[in-house]
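So you can see what is in the structure, the chains are spelled out below.
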Amino acid sequence: MPPQLKDMANAIRALAMDAVEAAKCGHPGMPMGMADVASVLLTRFLKFDAAAPEWPDRDRLVLSAGHGSMLLYALLYLTGAPRMTIDEIRNFRQLGSLTPGHPEYGHTPGVETTTGPLGQGLANAVGMAMAEAHLRTVFGAGLVDHRTYVIASDGDLMEGISHEAAGLAGHLKLDRLVVLFDDNGITIDGPLGLSDRTDQIARFKAYGWAAERVDGHDGEAVAAAIARAQASDRPSLIACRTVIGYGAPTKQGTSATHGAALGADEIAGARDRLGWTSAPFEIPGTILEAWREAGRRGAPQRAAWEARKAALAADTRGEFERRVSGALDSRVDAAIVAAKKAFSAEGKPLATRRASGAVLDRLDALLPELVSGSADLAGSNNTRAKAMAVLDADRLEGRFVNYGIREHAMAAAMNGMALHRGVLPASGTFLVFSDYCRPAIRLAALMGLRVVHVMTHDSIGVGEDGPTHQPVEQLASLRAMPNLHVFRPADAVEVAECWALALSRADGPSLLALSRQDLPILRTAHTDENRSAAGAYEILSAEGAAEVTIIATGSEVTIAAAAREALVRRGHPTRVVSMPCQERFDALDAKAREAVLGDASVRVAVEAASGFGWSRYLRPQDRFVGMGGFGASAPYMKLYEHFGITAEGIAAAAEEALATREQTGRSVQRPLAGGMTS
């Protein structure tokens, strides 16, 4: 490598060694091994302006190997990113610093995505490249003309999500995507050969990628490979053969450098071997200035881009800025109200999954930024509006993605699209398969991304497909995730309201759990008010003082309404509360929550799912009617009868609780028909 570039790379190595040593924990090996590759990329290829990390037309650099976070933090400091000072480097992995153990989007300026769970960053990058290709086709290369680079590890490529993501990228021919694979042959446990012998070059070529291997410490070889990747008509993998912990005299090339501080003696030896004489956390002025110049290199490109944008027609410029900002068309609210009014007026029973499709049809023309999709279940999920064209390699302006059977990559690619901005991602699969999507949904919640997951076939209402396809524990586990809003609407009117809430939510993901079976319209009297916004509300009142309150979600609200009629006939005034979103309800103050839950003698919560989590709404005398185990294969009405989730089952639970309360003044736990303990 040229002397200056070698010195610039050694600055990365020195900062990585020093920061990990100060923290007494971390991963110095990858930053030291990939320092040469990163130096070539940032000084010669990456289009960015360090002073403007939010510039929409910057190249994206994703550190999928998030454990090597000091590589990214060193680059941010050296190039002059906002707020990244040498003190932040000193405070690596300390509370409140901009240098947490793994990169965190929204916390550190210049970090494109939160990484650490291996493979997720690579799949995010596929979504970013999809968003770039789509927007470039829509708005032209004058506004959108950038690339997505990924630094990935052996672990990223071993995780199963990499197969799904790479296959999708190859299918879509995402030629602006370049993966720089840190091909160091080492994992935490030791040599890669202990667990893997995959020929990654052959593997990626089979996906339709361009793939080659170079010496990662030969700057010119790396530069030539990146230049070839930029000229390719397909995504590219460059396997950069590196030495993990490069420069460490006794530990380089071994797993000892992977996940632990090197120690004072090893660092002293590395400094000597690398010819680095500066004190810890000290970068010589000439080297720092060379890096800062690299950080300023893209400023003229950004200025030219700003000029091109300013010269656009006002409507084109305004639409681009609206999409990038995430603002919704002002007409969306009126379209939601119109959909509600139509559902109430028609009064036609409708599966909530089909109601969701009808809402999308109404919104489609107002949401050109919406890029929807499905994991090979489009006809079941109803996530493709009638006017949506397919997004594929030959029609990148399309807005519906056939993800195939790739739920893991679908959810992670959606995160990448949201991170890129300019695109509002949504997708569909069955609720039981949310388990495949869960790692990406968790990261969306952590990053506060607006993504919308439509999960249909949400209960034992799936019927004959049986327990493998009937979600039981999924709702409870998803509700346990911080910052995820789980919506389970009771009818088509609530579907429209929940879509409105999901679309307007800018600080986190939403999941709509929708029924396979038809449900009657419960809200037959139209109101413009979004009653689902409170998370729960009284949908049916009692005549006089209520003895019983039934709280239900989704398809069980209809059953709760029938149970109310039965209880009223037996002399028990009963009210019904629909709870489409527990998270929104929990955000209300205590007084507002109690006003909705009410002071009836008995509450009965009903959901065709696990009762885990419902206890916070129930008192000792109250009951839960739901699932105590897995489902079974049968027509869905038979299943509801079999598991006791019926109007009679709910009424019996309420009367038993009332009788027990009157007789003993306390509740006695007993099994209900579904095997659930009340």
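Going by the structure above, here's the rest.
Given the structure is predicted, the values throughout are model-derived calculations rather than measurements. (Residues numbered from 1 in each chain as written. Predicted model: local features only at pLDDT ≥ 70, side-chain atom pairs only at ≥ 80, totals over all residues. Heavy atoms only, no water.)

Asker: Tell me what's going on with the sheet that holds strand β2 (residues 148-152), and back it up with residues and numbers.
Answerer: Pairing in this open sheet of five strands is parallel, and the strands run β1-β2-β3-β7-β6 from one edge to the other. The open sheet is flanked by β1 (60-63) and β6 (210-215), the only strands paired with a single partner. On average, adjacent strands in this sheet sit at an angle of 20° to one another, irrespective of strand direction. Note that strand β3 (residues 177-183) and strand β7 (residues 236-241) share six bridges and pair parallel. Note that in β7 the partner of Asp-183 across the bridge is Arg-241. (Pairing = 2+ DSSP bridges. Helix = DSSP H or I, 4+ residues; strand = E, 2+ residues; numbered from the N terminus. Axes fitted to C-alpha atoms, helices over the stretch in contact; angles between N-to-C directions.)

Asker: Residues and numbers for the pattern of salt bridges, please.
Answerer: Under the defined criterion, the tally for this structure stands at 38 salt bridges. Two residues, Asp-458 and Arg-488, come together in a salt bridge whose shortest N-O distance is 2.8 Å. With Asp-458 in the loop between β12 (452-456) and α19 (474-479) and Arg-488 in the loop between β13 (485-487) and α20 (492-504), the pair connects residues that are 30 residues apart, well separated along the chain. This pair shows no difference in class: Asp-458 is buried, exactly as Arg-488 is. As a salt-bridge pair, Arg-623 and Glu-656 come within 2.8 Å of each other at their nearest N and O atoms. Within this pair, whereas Arg-623 is found in strand β20 (residues 623-627), its partner Glu-656 is found in helix α25 (residues 647-664), the two being separated by 33 residues in sequence. (Salt bridge = Lys/Arg side-chain N within 4 Å of Asp/Glu carboxyl O. Buried < 20%, exposed > 50% of the residue type's maximum accessible area, 1.4 Å probe, protein only.)

Asker: Help me get a handle on the environment of Arg-603, residues and values and all.
Answerer: Mapped onto the secondary structure, Arg-603 falls in strand β19 (residues 602-610). Separated by 54 residues in sequence, Arg-603 and Ala-657 place their C-alpha atoms 8.8 Å apart.

Asker: So what about helix α18 (residues 434-447)? Which residues, and what values?
Answerer: Helix length check: α18 (14 residues) gives 19 Å between terminal C-alpha atoms against 20 Å at 1.5 Å per residue, within 8%. Of all bends in α18, the biggest is about 35°, found at Ala-440. In this structure, the buried side of α18 is in contact with α5 (120-139), α17 (407-420), β11 (424-430), β12, α19 and β14 (510-514). (Expected span 1.5 Å × (residues − 1). Bend = angle between axes of the 7 residues up to and from the residue. Contact = heavy atoms within 4.5 Å.)

Asker: Pulling in residues and values, what's your account of the environment of Arg-438?
Answerer: Relative to the elements of secondary structure, Arg-438 occurs in helix α18. When the C-alpha positions of Arg-438 and Gly-428 are compared, they lie 13 Å apart, and in sequence the two are ten residues distant. If we skip the residues at most four places from it in the chain, Arg-438 touches Ser-477, Leu-478 and Met-481.

Asker: So what's going on with the sheet that holds β12? Which residues, and what values?
Answerer: With parallel pairing, the six strands of this open sheet are ordered in space as β10-β9-β11-β12-β14-β13. On the outer flanks of this sheet lie β10 (400-402) and β13, each paired with one strand and no other. The average angle at which neighbouring strand axes cross in this sheet is 20°, direction not considered. The pairing of strand β9 (residues 370-374) with β11 spans three bridges and is classified as parallel. In the sheet register, Val-371 faces β11, and the bridge partner there is Pro-425. Most of the contacts of helix α15 (residues 352-363) go to β14, to which it runs at about 130°, and overall it touches β9, β12 and β14. Those strands touched by α17 are β9, β11 and β12, and its axis lies near 165° from that of β11.

Asker: Help me get a handle on unusual backbone geometry, residues and values and all.
Answerer: With a phi angle near 65°, Lys-24 is a residue other than glycine that sits in the positive phi range. For Lys-24, the location among the structural elements is in the loop between α1 (3-23) and α2 (29-44). Judged by relative accessible area, Lys-24 falls into the exposed class, the value being 60%. The backbone phi angle of Phe-281 is positive, close to 65°, even though this residue is not glycine. Tracing the backbone through its elements, the reader meets Phe-281 in the loop between α10 (264-274) and α11 (285-296). Assessed through its relative accessible area of 12%, Phe-281 is described here as buried.

Asker: Tell me about the layout of surface pockets, residues and numbers included.
Answerer: Empty space among the atoms becomes visible once a probe the size of a water molecule is rolled across them. The computed volume of the largest pocket comes to approximately 280 Å³. In terms of lining residues, the largest pocket is bounded by 16 residues, among which Gly-326, Ala-418, Arg-421, Arg-450 and Ala-506 are the most central. When residues in the lining of the largest pocket are grouped by element, the largest group, three residues, is from helix α13 (residues 314-325). Along the lines of polarity and charge, the residues of the lining of the largest pocket split into eight nonpolar, four polar and four charged. (1 Å grid on protein atoms, 1.4 Å probe; cavity = no way out; pocket = protein on both sides within 12 Å on 5 of 7 lines; lining within 4 Å. Points joined across faces, edges and corners; volume = space filled by probe spheres on them. Nonpolar A, V, L, I, M, F, W, Y, C, P; charged D, E, K, R; others polar.)

Asker: Explain the side chain of Ser-344 to me, and be specific about the residues and the numbers.
Answerer: Within the fold, Ser-344 resides in helix α14 (residues 332-346). For Ser-344, a relative accessible area of 7% corresponds to the buried category. Here Ser-344 is in contact with Val-493, Ile-521, Arg-523, Thr-524 and His-526, once residues within four sequence places are set aside.

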